[in-house]
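# Understanding the architecture of this molecule
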Amino acid sequence: MWGRADYMDKIVVRGGTPLQGEIVVSGAKNAALPLLFATLLTDEECRLSQVPKLVDIHTTLRLLRDLGVQYDWLNEHEVALSSRLVRCFEAPYELVKTMRASFLTLGPLLARFGRARVSTPGGCAIGARPVNIHLDGMQRLGASIRLRQGYVEAEASKLRGAYLPLEFPSVGATENLLMAATLAEGVTIIDNAAQEPEIVDLALLLNAMGARISGAGTSRITIEGVTSLHGANHVVIPDRVEAGTFLTAAAITSGDIFVRGARADHLAALLQTFAETGVHFSVQEDGIRVTGNRRPCGVNITTLPYPGFPTDLQAQLMAMLSLGVGHSTITETIFENRFMHAQELVRLGADIHVQGNIATIHGVTYLTGAPVMATDLRASVSLLLAGLAAQGETEVSRVYHLDRGYERIEEKLSRIGARIRRVKGS
Ligand code: EPZ
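Quick caveat, the model's predicted, so the values are computed rather than measured.

### Side note on the pairing of strand 13 (residues 220-224)
Taking every second residue as pointing to the same face, the buried face of strand 13 carries I221 and I223, while none of R220, T222 and E224 on the other face is buried. Inspection of the sheet shows strand 11 (residues 187-191) paired to strand 13 by 5 bridges, in the antiparallel sense. Counted as the bridge partner of V187 is E224 from strand 13. Bridging between strand 12 (residues 212-214) and strand 13 involves 3 bridges; their strand directions are antiparallel. Each residue of the ladder has a partner; that of S214, found in strand 13, is T222. Where strand 12 hands over to strand 13, the hairpin turn is made up of 5 residues, of which G215 adopts a positive phi near 90 degrees.

Listed below in structure tokens is the structure:
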């Protein structure tokens, strides 16, 4: 059933088949999560469509329901939400520890209700991931912040507009502060803001709700506070990370895939890398096509905040480059521990050496299937991609990570020729 993580499930892939055909991108997880939390900012109904059916979306709706939000699925991917009856202002550890984006309740609850008690997310497999930038910004907006028993306790009779220079263009901090500032008194400027497409999508919804935001998508966002927000309808942008994953699947299997809904403007860094490695692609009106007609050349990649190369596509590229010609390097600058997949790829026969935040990949001519273990969302999908290209069978365990961010991935891949099946845990 969607939404429930089955911890013992495995996915078995028989590799060697060039994937062929068309695949449709779902709505973006990393846009839908803040959009759902933004609906807390008004007591009127909001409707979001193209909402993907993922474990993280399920967790978000559970948290919102516990706060008092009423929601209904109007169809497969459209949900109507009302925060008219919100009476609870706490995001509990049990939920926040399973999905750190729950920390995005802080801004909306503080702005609309003047108080919030939100568990700190703690670290995760890919890094320490502190929330100091979020808290520093909330304090500058006039909130009193106390850390007690693993919770942030925040209060403010009325938030006041302020100048918020972020020490790092954090996606989450930009989203949390953007939402908080919409109902603050006066003008807020977020400087060195994150510029990701998900930020632009959030600002689009907030402006449709009556906010006054300009500059989203640039490093300087200006928000003129308003006294209240109203309901609105919004279509979630396509998932650029899911799209990038499928485009890489075509390259690594020497396949030919059209990814319907993939947006070239959101994937410029990936397409630039494809051009450098010799992976053939064509941008079409309603999507992108990749024809993996040859082994990619080696390349050097450095992950950076948008519009730089996304850290969420780093693992997928590592799998592709492990079958490249010559050697490549990947420098991970966003998260301090995001190479867990490297050793698992080595189990499939890849030649990868990690030193600090730099991975050096010497391309090999083939991979061989083996049992491997997923450690986080993007690491798990890179193992799946490598399995699709490897000779023989690859068994990926702990695939519950995948269900957090990929909607019905086995179905989508088997429709374009993948020999893939899920083995239910007993
Ligand atoms: C978002 O996480 C995404 N998650 C991540 O995607 C993505 O990898 C990340 O942005 C970077 O692009 C969602 O949108 C739900 P950050 P977020 O705050 O907001 C440090 C996936 O695979 N930092 O931009 O948590 C932090 O430790 C996920 O879908 C602070 O030091 O990322 C990290 O090193 C994984 N203090 C860096 O900034 C803070 O207060 C980037 O974090 C906040 C962040």
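### A short note on the packing of helix 5 (residues 132-140) against helix 6 (residues 171-181)
Where helix 5 meets helix 6, the closest approach of the two axes is 8 Å, and the angle between their N-to-C directions is 25 degrees. Classed by the angle they form, the pair helix 5 and helix 6 counts as roughly parallel. When you trace helix 5 past helix 6, the crossing you get is right-handed. Contacts from I133, H134, G137 and M138 in helix 5 reach G172, A173, N176, L177 and A180 in helix 6.

### Describing the sheet that holds strand 20 (residues 351-355)
The mixed open sheet is built from 4 strands, whose spatial order is 18-19-21-20. This sheet does not close on itself; its edge strands, each paired only once, are strand 18 (300-302) and strand 20. Strand after strand, the sheet turns through a mean of 15 degrees between neighbouring axes, direction not considered. Examined bridge by bridge, strand 18 and strand 19 (residues 327-331) share 3 bridges and lie parallel to one another. Considered in strand 19, the bridge of I301 is made with I330.

### Brief notes about the environment of R65
Here R65 shows up in helix 2 (residues 55-67). Between the alpha carbons of R65 and V86 there is a distance of 8.8 Å; along the sequence they are 21 residues apart.

### Details of the pattern of salt bridges
Summed over all chains, the structure comprises 27 salt bridges. Across the pair R47 and E45 runs a salt bridge, and its minimum N-O distance is 2.8 Å. Here the residues in one salt-bridge network are D9, D403, E410, R422 and K424, joined through shared partners.

### Concerning empty space enclosed by the protein
Going through the model one piece at a time under the given rule, you end up with 1 cavity of 30 Å³ or more. What the largest cavity holds in volume is close to 30 Å³. For the largest cavity, the full set of lining residues is S26, G27, P52, L54, D239, E242, G405, Y406 and E407. For the lining of the largest cavity, the class distribution of residues is 3 nonpolar, 3 polar and 3 charged.

### A word on the side chain of D403
As for its placement among the helices and strands, D403 is situated in helix 13 (residues 400-403). For D403, the side chain forms a polar contact with the side chain of R422, separated by 2.7 Å. Not counting residues up to four positions away in its chain, the partners in contact with D403 are L54, V55 and R422.

### Section: the sheet that holds strand 9 (residues 151-155)
Strands sit in the order 6-7-9-8 across an open sheet of 4 strands; the sheet is mixed. Lying at the two open borders of the sheet, with one neighbouring strand each, are strand 6 (90-91) and strand 8 (144-148). Two strands pair when backbone bridges link them, and strand 6 and strand 7 (residues 115-119) are joined in this way by 2 bridges, in the parallel orientation. Following the sheet pairing, A91 is matched in strand 7 by V118. Of the strands in this sheet, strand 7 and strand 9 touch helix 4 (residues 106-113), which is tilted by about 160 degrees from strand 7.

### Observations regarding helix 7 (residues 197-208)
Because the α-helix completes a turn every 3.6 residues, residues three or four places apart line up on one side. Helix length check: helix 7, at 12 residues, gives a terminal C-alpha distance of 17 Å against a target of 16 Å (1.5 Å per residue), a fit within 8%. Every buried residue belonging to helix 7 is among P197, E198, I199, D201, L202, A203, L205 and L206, and all of these are buried. Looking at the residues trailing helix 7, positive phi occurs at G210, about 110 degrees.

### Section: the packing of aromatic side chains
Applying the stated criterion across every chain yields a total of 1 aromatic pair. Here F89 and F113 contribute two aromatic rings whose centre-to-centre distance is 5.0 Å and whose plane-to-plane angle is 40 degrees, an arrangement assigned as tilted. Here F113 lies in helix 4 and F89 lies in the loop between strand 5 (78-82) and strand 6, a separation of 24 residues in the sequence. Residue F89 is classed as buried on the basis of its relative accessible area, which comes to 15%. R117 extends its terminal NZ or CZ atom over the ring of Y151, reaching a point 3.9 Å from the ring centre.

### Things to note about unusual backbone geometry
P307 follows Y306 through a cis peptide bond whose omega is 10 degrees. Position of P307 relative to the elements: it lies in the loop between strand 18 and helix 10 (314-321). Residue R408 is not a glycine yet carries a positive backbone phi of 45 degrees. Its place among the elements puts R408 in the loop between helix 13 and helix 14 (409-415).

### Details of the nonpolar core
In terms of nonpolar packing, the biggest core is built from 77 residues, with L64, L106, L159, L178, I190 and L206 touching the most fellow members. The greatest single-element share of this core, amounting to 7 residues, is contributed by helix 1 (residues 29-38). Those residues within four positions of I190 in sequence are excluded, and the remaining contacts are L164, L166, T174, L177, L178, S219, R220, I221 and I223. Grouped together as the second largest cluster of nonpolar side chains are 66 residues, A262, M318, M320 and V396 included.

Rules behind the numbers
- Residues numbered from 1 in each chain as written.
- Predicted model: local features only at pLDDT ≥ 70, side-chain atom pairs only at ≥ 80, totals over all residues.
- Heavy atoms only, no water.
- Buried < 20%, exposed > 50% of the residue type's maximum accessible area, 1.4 Å probe, protein only.
- Helix = DSSP H or I, 4+ residues; strand = E, 2+ residues; numbered from the N terminus.
- Pairing = 2+ DSSP bridges.
- Axes fitted to C-alpha atoms, helices over the stretch in contact; angles between N-to-C directions.
- Parallel < 35°, antiparallel > 145°, perpendicular 65-115°, else oblique.
- Left-handed = near helix turned anticlockwise from the far one by under 90°.
- Contact = heavy atoms within 4.5 Å.
- Salt bridge = Lys/Arg side-chain N within 4 Å of Asp/Glu carboxyl O.
- 1 Å grid on protein atoms, 1.4 Å probe; cavity = no way out; pocket = protein on both sides within 12 Å on 5 of 7 lines; lining within 4 Å.
- Points joined across faces, edges and corners; volume = space filled by probe spheres on them.
- Nonpolar A, V, L, I, M, F, W, Y, C, P; charged D, E, K, R; others polar.
- Polar contact = N/O pair within 3.5 Å; in protein donor to acceptor, adjacent residues only side chain to side chain.
- Expected span 1.5 Å × (residues − 1).
- Phe/Tyr/Trp six-rings, centres within 6.5 Å; stacked < 30°, edge-to-face > 60°.
- Lys NZ or Arg CZ within 6 Å of the ring centre and 35° of its normal.
- Core = buried A, V, L, I, M, F, W, Y, C linked by side-chain atoms within 4.5 Å.

The values reported here are purely geometric and, on their own, carry no functional implication.
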